[in-house]
Amino acid sequence: MKSLKGIIYAMISSGTFGLIPLFTIPLMGDMGMNESNILFYRFLFSTLMMGAVCLIHKSPLSVNMKHLISITGLGALYALTALFLIYSYHYISSGVATTIHFLYPICVSFLMVVFFKEQKSKALFLAASLSLIGVAFMCWSGGSSIRLMGVGLAALTILTYGIYIVALNQSGLGKLPAEVLTFYVLLGGCIIFFIYSLCTTGISAIPGTKAGLYILALAFLSTVISDLTLILAVKYAGSTTTAILGSMEPLVAVVVGVLVFAEHFSFQSLAGLLLILLSVIIVILADQRKKSQKILEKEIVQSH
């Protein structure tokens, strides 16, 4: 029952994150909001919602200075990921952008090999090769001319989010309650986009009730619900199952792009999407196998 619960949470988490284009693109288009204001309001409302969750759970919000410095860095990486992703929508389809972003587990594995001396593996090389072929298929699917700027911006999210995940694991912040850590990361993003908006376009009022509802949906579904169900998914189903079911994220984004925004999607696009999903699953399963071997070796040593 716990495993089934975790699977459901994982699907909700990745699915709601994949809905980001559904709310963001209309806000940038028909409703005329600029990117910096969208991101500021998204992080503002999600911070307030997560703060309410902390109050309901009576989670202490006090952190020491060392943790605060680390959280500031995490907030900046999370904010940069959101910024690069939303700007990429101007140049490439939201489905392609989200699918490229989904390559971050491969980046995490590379970072662990390069900086933390994890053992190199053939699986990682195979996954990297498949993912590059998959991205090429999706970008050259024939629907429109390729925009390297969009691909570059989406690719930057792989790096920023990959570093975010590694830093989260290596910083020792995992001892903090999950909702408290999420609250401070979102708060950091809110402050960053407040300053960014003031220095660029300025902060404008939300242009009407419809825009307000879209921003609230973006903050609630694609930020708060996505983050909280991710925590619950890891708790009940484990990190491997959660990561594999993260494939719902690009799938939902592609379906939204095709059905709602009439984005081009061909058999070549489908082949690219499947190759990218396969590459990420290979990395996750290889990582889990490596961890299982370490546990087995440790048990053998202890038995002797």
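Because the structure is a prediction, the values reported are computed rather than measured. (Residues numbered from 1 in each chain as written. Predicted model: local features only at pLDDT ≥ 70, side-chain atom pairs only at ≥ 80, totals over all residues. Heavy atoms only, no water.)

A tally of regular secondary structure across the protein gives 13 helices and zero strands. Along the chain direction, N to C, the helices and strands of the protein fall in the order α-α-α-α-α-α-α-α-α-α-α-α-α. Counting the 304 residues in the protein, one finds 48% classified as buried. Across the protein, every contact between residues at least 6 apart in sequence was considered, and the portion connecting residues at least 24 apart equals 88%. (Helix = DSSP H or I, 4+ residues; strand = E, 2+ residues; numbered from the N terminus. Buried < 20%, exposed > 50% of the residue type's maximum accessible area, 1.4 Å probe, protein only. Contact = heavy atoms within 4.5 Å.)

The next point concerns the packing of helix α4 (residues 65-88) against helix α8 (residues 148-170). In the contact formed by α4 and α8, the axes pass within 8 Å of each other and the chain directions differ by 160°. With respect to each other, α4 and α8 are oriented roughly antiparallel. Seen along the crossing, α4 lies across α8 with a hand that is left-handed. Here α4 contributes L74, L77, Y78, L80, T81, F84, L85, Y87 and S88 to the contact with α8, which in turn contributes G150, L153, A154, L156, T157, T160, Y161, I163, Y164, A167 and L168. The residue inventory of the contact of α4 with α8, partitioned by class, reads 15 nonpolar, five polar and no charged. (Axes fitted to C-alpha atoms, helices over the stretch in contact; angles between N-to-C directions. Parallel < 35°, antiparallel > 145°, perpendicular 65-115°, else oblique. Left-handed = near helix turned anticlockwise from the far one by under 90°. Nonpolar A, V, L, I, M, F, W, Y, C, P; charged D, E, K, R; others polar.)

Before going further, it helps to spend a moment on the packing of helix α6 (residues 104-115) against helix α7 (residues 122-139). To characterise two packed helices, one gives the angle between the axes of the helices and the distance between these axes. Where α6 contacts α7, the axes come no closer than 10 Å and their chain directions differ by 140°. In terms of orientation, α6 and α7 fall into the oblique class. Seen from above, α6 lies across α7 with left-handed handedness. Only L124, A127, A128 and S131 of α7 make contact with α6, whose side of the interface consists of I106, S109, F110 and V113.

The next point concerns the side chain of T24. If you trace the backbone, T24 turns up in helix α2 (residues 20-28). For T24, a relative accessible area of 1% puts it in the buried group. For T24, the residues in contact, after removing those within four places along its chain, are I38, I86, Y89 and L218.

The subject of this paragraph is a nonpolar patch on the surface. A grouping of V255, V258, L259, V260, F265, F267, L270 and L274 is seen on the molecular surface, where their side chains present a nonpolar patch of about 770 Å² in accessible area. Looking at the nonpolar patch, the elements that each hand over two or more residues are α12 (248-259) and α13 (267-303). (Patch = residues over 30% accessible without salt bridge, like charges linked within 9 Å, V, L, I, M, F, W, Y side chains within 5 Å. Areas by Shrake-Rupley, 256 points an atom, 1.4 Å probe, with all protein chains shown as cover. Salt bridge = Lys/Arg side-chain N within 4 Å of Asp/Glu carboxyl O.)

With that settled, consider empty space enclosed by the protein. Inspection of the entire model under this criterion finds one cavity of 30 Å³ or more. Reported here for the largest cavity is a volume of approximately 130 Å³. The wall of the largest cavity is formed by 14 residues, among which F17, I20, R42, A82 and L85 lie closest to the centre. The dominant element in the lining of the largest cavity, judged by the number of residues it contributes, is α4, at five residues. (1 Å grid on protein atoms, 1.4 Å probe; cavity = no way out; pocket = protein on both sides within 12 Å on 5 of 7 lines; lining within 4 Å. Points joined across faces, edges and corners; volume = space filled by probe spheres on them.)

Pairs of aromatic rings are described using the distance from one ring centre to the other and the angle between the two planes. On inspection of all chains with the given rule, the structure shows twelve aromatic pairs. Note on F23 and Y214: the rings are 6.3 Å apart at their centroids and 85° apart in plane angle, and the pair reads as edge-to-face. With F23 in helix α2 and Y214 in helix α10 (residues 209-237), this residue pair connects regions lying 191 residues apart in the sequence. Take F23: its relative accessible area is 10%, and that puts it in the buried class. Seen in terms of ring centroids, Y41 and F45 are 6.2 Å apart; in terms of plane orientation they differ by 20°. Their pairing is stacked. Here Y41 pairs with F45, and both are found in helix α3 (residues 35-56), just four residues apart, close to one helical turn. Classification of Y41 as buried rests on a relative accessible area of 10%. Following the ring pairs from residue to residue traces out a cluster consisting of F43, Y78, F102, Y104, Y161, Y164, F193 and Y196. (Phe/Tyr/Trp six-rings, centres within 6.5 Å; stacked < 30°, edge-to-face > 60°.)

We now examine helix α5 (residues 94-101). Among the eight residues of α5, eight are classified as buried, and the element is accordingly described as predominantly covered. Of the positions making up α5, those classed as buried are S94, G95, V96, A97, T98, T99, I100 and H101.

Glancing now at the confidence of the model for the protein. Across the protein, the average pLDDT comes to 84, with 89% of residues at or above 70. When mean pLDDT is compared element by element in the protein, α3 scores highest at 95, while helix α11 (residues 239-245) scores lowest at 67. (pLDDT = per-residue confidence, 0-100.)

With respect to the helices and strands, the residue T223 is situated in helix α10. Of note is the side chain of T223, whose polar atom sits 2.9 Å from the side chain of R42. Beyond its immediate stretch of four places on either side in the chain, T223 contacts R42, S46, L186 and L218. (Polar contact = N/O pair within 3.5 Å; in protein donor to acceptor, adjacent residues only side chain to side chain.)

With that settled, the discussion passes to the environment of L77. Mapping L77 onto the fold places it in helix α4. Here L77 falls in the buried class, since its relative accessible area comes to 17%. Through-space distance from the C-alpha of L77 to that of T157 is 9.1 Å; in sequence the pair is 80 residues apart. In contact with L77, not counting residues within four places along its chain, are T160, I163 and Y164.

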